[in-house]
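Spelled out, the chains give:
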Amino acid sequence: MGHFLSRKGTSQTADRSRRRRRPLRGKVPVPPPPPPRDRSCFLRGPCMLCFLVHSASPPAAASEEPPPPPPAAPPLLYAALKAPEDRAARRLLRFSCRRLLLSGLLFSSPPPSARRAGPALESSEAPPEMVCKRKGVRLLPCPPRKQPRCAAAAAAIPATGAGSPASTPPPPPEVSAAAAAAASPSLPEQHLCPLPCASDRARGGSPPKDPTVGENGDDGEGLAEAAAAAPAGSPSQLPELDGREKGEAREPNCEEPPENPGDCCREPQPPSPDINQLPPSILLKIFSNLSLNERCLSASLVCKYWRDLCLDFQFWKQLDLSSRQQVTDELLERIASRSQNITEINISDCRNVSDTGVCILASKCPGLLRYTAYRCKQLSDTSIIAVASQCPQLQKVHVGNQDRLTDEGLKQLGSECRELKDIHFGQCYKISDEGMIIIAKGCLKLQRIYMQENKLVTDQSVKAFAEHCPELQYVGFMGCSVTSKGVIHLTNLRNLSSLDLRHITELDNETVMEIVKRCKNLTSLNLCLNWIINDRCVEVIAKEGQNLKELYLVSCKITDYALIAIGRYSMTIETVDVGWCKEITDQGATQIAQSSKSLRYLGLMRCDKVNEVTVEQLVQQHPHITFSTVLQDCKRTLERAYQMGWTPNMSTAS
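The rules behind each value
Here the residue index of a chain counts from 1 through its sequence in written order. Selection of residues for local features in this predicted model requires a pLDDT of at least 70, selection of side-chain atom pairs for listing and counting requires 80 or more, and totals for whole chains, interfaces and linings are taken over all residues. The side-chain numbers reported here are obtained from all heavy atoms of the structure, hydrogens and water having been left aside. Only DSSP runs of H or I covering at least 4 residues are called helices, and only runs of E covering at least 2 are called strands; the numbering of each starts at the N terminus. By definition, residues are in contact when any of their heavy atoms lie within 4.5 Å. For this document, the term salt bridge refers to a Lys or Arg side-chain nitrogen within 4 Å of an Asp or Glu carboxyl oxygen. For every residue, the accessible area (1.4 Å probe, protein chains only) is compared with the maximum for its type, and the residue is labelled buried under 20%, exposed over 50%, or partly exposed between those bounds. If DSSP finds at least two bridges between two strands, the strands pair. The handedness of a crossover follows from its direction of travel: if, with the strands pointing away from the viewer, the path from the first strand over the helix to the second runs clockwise, the crossover is right-handed. To define a nonpolar core, start from buried Ala, Val, Leu, Ile, Met, Phe, Trp, Tyr and Cys residues and group those joined through side-chain atoms within 4.5 Å. In this analysis, axes come from line fits to C-alpha atoms, helices being fitted only over the stretch in contact, and the angle between any two N-to-C directions falls in the range 0 to 180 degrees. Angles below 35 degrees are treated as roughly parallel, those above 145 as roughly antiparallel, those between 65 and 115 as roughly perpendicular, and all remaining angles as oblique. In the scheme used here, Gly and all other residues not listed as nonpolar or charged are polar, with Ala, Val, Leu, Ile, Met, Phe, Trp, Tyr, Cys and Pro taken as nonpolar and Asp, Glu, Lys and Arg as charged.

Asker: When you look at the side chain of Asn530 in this model, what are you seeing that I'm missing?
Answerer: Note that Asn530 resides in the loop between strand S9 (524-526) and helix H20 (535-544). Excluding its chain neighbours within four sequence positions, the residues that come into contact with Asn530 are Leu501, Arg502, His503, Ile504, Leu507, Ser555 and Cys556.

The following block contains the structure:
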């Protein structure tokens, strides 16, 4: 890399290289040549070693002799070398410069080859800037586009640099060029960003052949021209490596430095995860948490893969088609033909479904286990008979508020569906004790039964269920023609956990107390709208209900004493609702809140003698208890609305 050329000297190789050179594209136009300078670069272009040689050097010792005065003509750098040594010195210097330049260690330590290059350089005054001997033009102040050093290292170099070269005394003759390079400030190792080729060169025994060097030993001109584009006064910037000619090949296994100097110290970003890389079983589990609308109208439209997953048979086992008026008999037939393994279907509020569609569904889905059809007033006994006869494994039937349903359908259920566990016939006004008794005798595995406003259901039905269905856990006879004579039979149900006796007109306190005493597993008791229930009954319930957690006493004839008894005797009750009890005052609400250790909810809706100021104080003193009043419920509703992003419209409010 470079020749020992004088200001007037030439060589055949240099002339041949100049003829081969083509103008670089995209470069700034060359300005007119400056006046001749008193000092020249000893290489064909200003390289990094020139910066080291002309940088600040340590002051000369006082005892050393001053350098001899320069001759009339400026001498050649390394001119003291004889002809036999000239060629060897050039090779060593070229090899050391190229190796140091590509390894990024120019400012760390001087190369050993530079120490063997020859005697010291003789210079009386450092030039203000570098001048390219071959080009003979001023260096353009354009910094390289890509810097292989980090920003922190680039900022640290000027801070630690020495004074200007002009103020530094000339070095003694015995100081070599390598010693002058070592005098310049060196960077710490951690501040250097290693070039891609540095590791390869360190591992190899000899450096790979530079494609810019000719076979005859002459170095290429692209590197010298790239070095000429760097400012002479900033030794921290490496020459630009991208300014080569198009015809020149790049170093093998050598990558370009990054555009951002800080990127060379960062780890590559990991690829973003793709949800489709999950196993199909995991995706099916995720899709199972979506509703039917989200799965069929949103997820299935993403891609074909998701569409196939949404059409998986397991999603068609449980169908919730409630409140969809587009569901017709034809649609039910298509669904049943496509997926014959339906186990649960809900067609509540589907006004366009008739008995024909339900019969087709039952015939094609014999494995149906749960059938729900609330408020389908157009359905009759034909649909329930078809479901009972075609689906013998049926376990759940909820057909509340069907006016056309009679005892004929219940008889078919009781005789065919022996596995029935959950029935709901609320507001089916044509059902009587005849059909209920058949179900009680035929379905011995019943666990839940709920009746509401069935005026034809009397104590006989209650007695039949208590005698034939010992596994009953939930029993509800709200508003039925049931009295204490029938309810007392429920004491035989040892597994009874929830009892709903709302609006039982002929229910006395003794029956309720007896049920609480004998049913030890009772956790929920609903006695709302029973005007006979008094404070004494509530006190017994609080004392005897060992596992009772929920007690509903809305519109009962109770006072503050009932609340005080609950707080004093019960250690398990968490929910108490005494709404619409006109005799409840601030004293009862305060006493139960202070004395009860298990209370979490207290319903005081429309308790007119309870002051809202007292409730506000209780909310502040007992934050673990939820107090339900008109004002408190409105506040909670507004808080939930604000959390969901609702904002009041002032124009509408005004």
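Asker: Looking at this structure, I do not really get the pattern of salt bridges. What am I missing?
Answerer: Any two side chains of opposite charge can pair if their charged atoms end up close together. What the rule picks out here adds up to 17 salt bridges. Residue Glu419 is joined to Lys445 by a salt bridge in which the shortest nitrogen-to-oxygen separation is 3.0 Å. In this pair, Glu419 is assigned in the loop between helix H15 (407-416) and strand S5 (422-424) and Lys445 in the loop between helix H16 (433-442) and strand S6 (448-452), connecting sequence segments 26 residues apart. Taking relative accessible area as the criterion, Lys445 reaches 35% and is therefore assigned partly exposed. Between Asp422 and Arg448 there is a salt bridge whose closest N-O contact spans 3.8 Å. One end of the pair, Asp422, is in strand S5; the other, Arg448, is in strand S6, and 26 residues separate them in sequence. Relative accessible area serves as the criterion here: at 40%, Arg448 is assigned to the partly exposed category.

Asker: Honestly, the pairing of S6 in this entry has me stumped. Any pointers?
Answerer: Here is the key point about a regular strand: its side chains alternate between the two faces of the sheet. Here S6 lies mainly inside the structure; four of its five residues are buried. Judged from the three bridges that link them, S5 and S6 form a sheet pairing that is parallel. Note that in S6 the partner of Asp422 across the bridge is Arg448. Tracing the backbone out of S5, into H16 and back to the parallel element S6 gives a crossover that is right-handed. The handedness of the S6 to strand S7 (residues 474-478) crossover, carried by helix H17 (residues 459-468), is right-handed.

Asker: Sorry, what's going on with the nonpolar core here?
Answerer: Taken as a class, soluble globular proteins show a tendency for nonpolar side chains to be buried jointly. Ile345, Tyr371, Phe425, Phe465, Phe477 and Leu525 are the most contacted members of the largest nonpolar core, which totals 111 residues. Excluding residues that lie within four positions of it along the chain, Phe465 makes contacts with Ile423, Met436, Ile439, Ala440, Leu446, Ile449, Leu472, Phe477 and Leu493.

Asker: Quick question: what am I supposed to make of the packing of H20 against helix H21 (residues 560-569) here?
Answerer: Any two packed helices are characterised by how steeply their axes cross, that is the angle between the axes, and by the distance between the axes. Two numbers describe how H20 lies on H21: the axes approach to 9 Å, and their chain directions differ by 10 degrees. By the angle class used here, H20 and H21 are roughly parallel. For the pair H20 and H21, contact is made by Asp535, Val538, Glu539, Ala542 and Lys543 and by Tyr561, Ala562, Ala565, Ile566 and Tyr569, respectively. Within the contact of H20 with H21, the residues separate by chemical class into seven nonpolar, no polar and three charged.

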